[in-house]
Amino acid sequence: MITNFEEFCATLKQAGFSMGGGNAKGIYAAIPYDWKEQSAIETPVKWHTGDPETDPWEWRMRVLEERDDIAYAKLFFRSSGFITDAWYPYFYAVRRNGETFDEAYDEGTLSQTARRIYEIVEGNEVAFHEIKQIGGFGKEENAAFERAIVELQMRMFITMSGRAQKINKLGEGYGWSSTVFMTVEEFWEKRGLILQDLNPVESYERIVQQVLRLNPDAAKRKIDKFIKG
């Protein structure tokens, strides 16, 4: 059983990917219980304690800020998940199928809101609240904005890269931190990995086999949705 952050990272590196949030959703989760279930489990790993060594909620940002081999974002079933550097290229091949953002947008598979967001993030590292400000997104666009942010992560055009606070006129941080985004290509280039155009079919089959190694009972339909997004 995982007892701290380093053991979590080691387990994740071995598995290659994992659901976040303590719910395997029929696939696999390195931490297979959430905060509502943890009282029945004898483990030092507890959700929402604020302890960076034993709180999985803290780990999602630690992997982004302290490591160069793990991505975390809204990746599976429109929910959070982790993918290591060894396995990200396979998911990237399936999700992107060799398409650039402009090609996907021209084919009508991405929304206008997604385009506005992507144009702000491309070439930059931008916090959630800054994207809203720069793009001039109003309150009436909140629902579309949230959908597009998730859509871009699921399609592997952008990914989380850390967190940042809002800055006041004195240059001081205030309030809750918000998620920072960058394009997936820039995220991995910064960490020394150039994403190659792998064969999507072969990549899909490779992921299927790894899912079944982690969870032999995983249903075919669930696996398909997990991989393709």
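Remember, predicted model here, so these are calculated numbers, not experimental data.

At their nearest, the axes of helix H1 (residues 5–15) and helix H2 (residues 56–66) sit 11 Å apart, and the two run at 75 degrees to each other. Between H1 and H2, the angle is such that the two are roughly perpendicular. Only Trp59, Arg62, Val63 and Glu66 of H2 make contact with H1, whose side of the interface consists of Phe5, Phe8 and Cys9. A class-by-class count of the residues in the contact of H1 with H2 yields five nonpolar, no polar and two charged.

Along its 13 residues, helix H7 (residues 142–154) runs 18 Å from first to last C-alpha, staying within 8% of the 18 Å computed at 1.5 Å per residue. Within H7, burial applies to Phe145, Ala148, Ile149, Val150, Glu151, Leu152, Gln153 and Met154. Looking one or two residues beyond H7, the residue adopting positive phi is Met156, at roughly 65 degrees.

Another point: the side chain of Arg60. Note on placement: Arg60 falls in helix H2. Despite being buried, Arg60 has no salt bridge partner; Glu58 is the closest side chain of opposite charge, sitting 5.6 Å away. Within the local environment of Arg60, its side chain forms a polar contact with the backbone oxygen of Trp57, the two atoms lying 2.5 Å apart. In this view, Arg60 contacts Tyr72 and Phe82; residues no more than four positions away in its chain are not counted.

Another aspect to go through is the pattern of salt bridges. Inspection of every chain in the model, using the stated rule, returns 13 salt bridges. The partner of Arg115 in a salt bridge is Asp102, with the nearest N and O atoms 3.6 Å apart. Pair noted here: Arg115 is in helix H5 (residues 112–121) and Asp102 is in helix H4 (residues 101–106), with a separation of 13 residues, a long-range link. Note on Asp102: relative accessible area 44%, which makes it partly exposed. Its salt-bridge partner being Lys228, residue Asp224 comes within 3.2 Å of it at the nearest N-O pair. In this pair, Asp224 and Lys228 both sit in helix H10 (residues 220–228), four residues apart, roughly one turn of the helix. The exposure class of Lys228 is partly exposed, given its relative accessible area of 48%. Among the ionic contacts, a cluster of salt bridges with common partners joins Lys13, Arg67, Asp69 and Asp85.

As a further point, take the packing of aromatic side chains. Applying the stated criterion across every chain, the model contains 20 aromatic pairs. When the ring of Phe91 is compared with that of Phe226, the centres are 5.9 Å apart and the planes differ by 80 degrees; the resulting orientation is edge-to-face. Here Phe91 is found in helix H3 (residues 88–96), whereas its partner Phe226 is found in helix H10, with 135 residues between them in sequence. On the basis of relative accessible area, Phe91 is assigned to the buried category, the value being 0%. For the pair Phe101 and Tyr105, a centre-to-centre distance of 6.3 Å together with 10 degrees between the ring planes defines the contact as stacked. Of this pair, Phe101 and Tyr105 both sit in helix H4, four residues apart, which is roughly one turn of the helix. Three or more aromatic residues joined by ring pairs make a cluster, and in this case those are Phe17, Phe76, Phe77, Trp87, Tyr90, Phe91 and Phe226. A cation over a ring is seen here: Arg60 above Trp57, with NZ or CZ 3.6 Å from the ring centre. Here Arg206 stacks its cationic end above the ring of Trp87, 5.8 Å away from the centre of that ring.

Now for the nonpolar core. Of all hydrophobic cores here, the largest spans 69 residues; its most connected members are Phe8, Ile131 and Phe226. In terms of residues, this core owes the most to one element, strand S2 (residues 70–76), which gives six residues. Beyond its immediate sequence surroundings of up to four residues, Phe226 is in contact with Phe17, Met19, Ile27, Phe76, Phe77, Phe91, Arg95 and Val211.

Okay, the sheet that holds strand S1 (residues 17–19) next. Here three strands make up an open sheet; going across it, the order is S1-S3-S2 and the pairing antiparallel. The outermost strands of the open sheet, each flanked by one partner alone, are S1 and S2. Along the sheet, successive strands turn relative to each other by an average axial angle of 25 degrees, direction set aside. Where S2 meets strand S3 (residues 79–84), six bridges bridge the pair, whose relative direction is antiparallel. When the bridges of S3 are listed, Ala71 appears paired with Ile83.

Conventions used here
- Residues numbered from 1 in each chain as written.
- Predicted model: local features only at pLDDT ≥ 70, side-chain atom pairs only at ≥ 80, totals over all residues.
- Heavy atoms only, no water.
- Axes fitted to C-alpha atoms, helices over the stretch in contact; angles between N-to-C directions.
- Helix = DSSP H or I, 4+ residues; strand = E, 2+ residues; numbered from the N terminus.
- Parallel < 35°, antiparallel > 145°, perpendicular 65-115°, else oblique.
- Contact = heavy atoms within 4.5 Å.
- Nonpolar A, V, L, I, M, F, W, Y, C, P; charged D, E, K, R; others polar.
- Expected span 1.5 Å × (residues − 1).
- Buried < 20%, exposed > 50% of the residue type's maximum accessible area, 1.4 Å probe, protein only.
- Lys, Arg positive; Asp, Glu negative; His and termini not counted.
- Salt bridge = Lys/Arg side-chain N within 4 Å of Asp/Glu carboxyl O.
- Polar contact = N/O pair within 3.5 Å; in protein donor to acceptor, adjacent residues only side chain to side chain.
- Phe/Tyr/Trp six-rings, centres within 6.5 Å; stacked < 30°, edge-to-face > 60°.
- Lys NZ or Arg CZ within 6 Å of the ring centre and 35° of its normal.
- Core = buried A, V, L, I, M, F, W, Y, C linked by side-chain atoms within 4.5 Å.
- Pairing = 2+ DSSP bridges.

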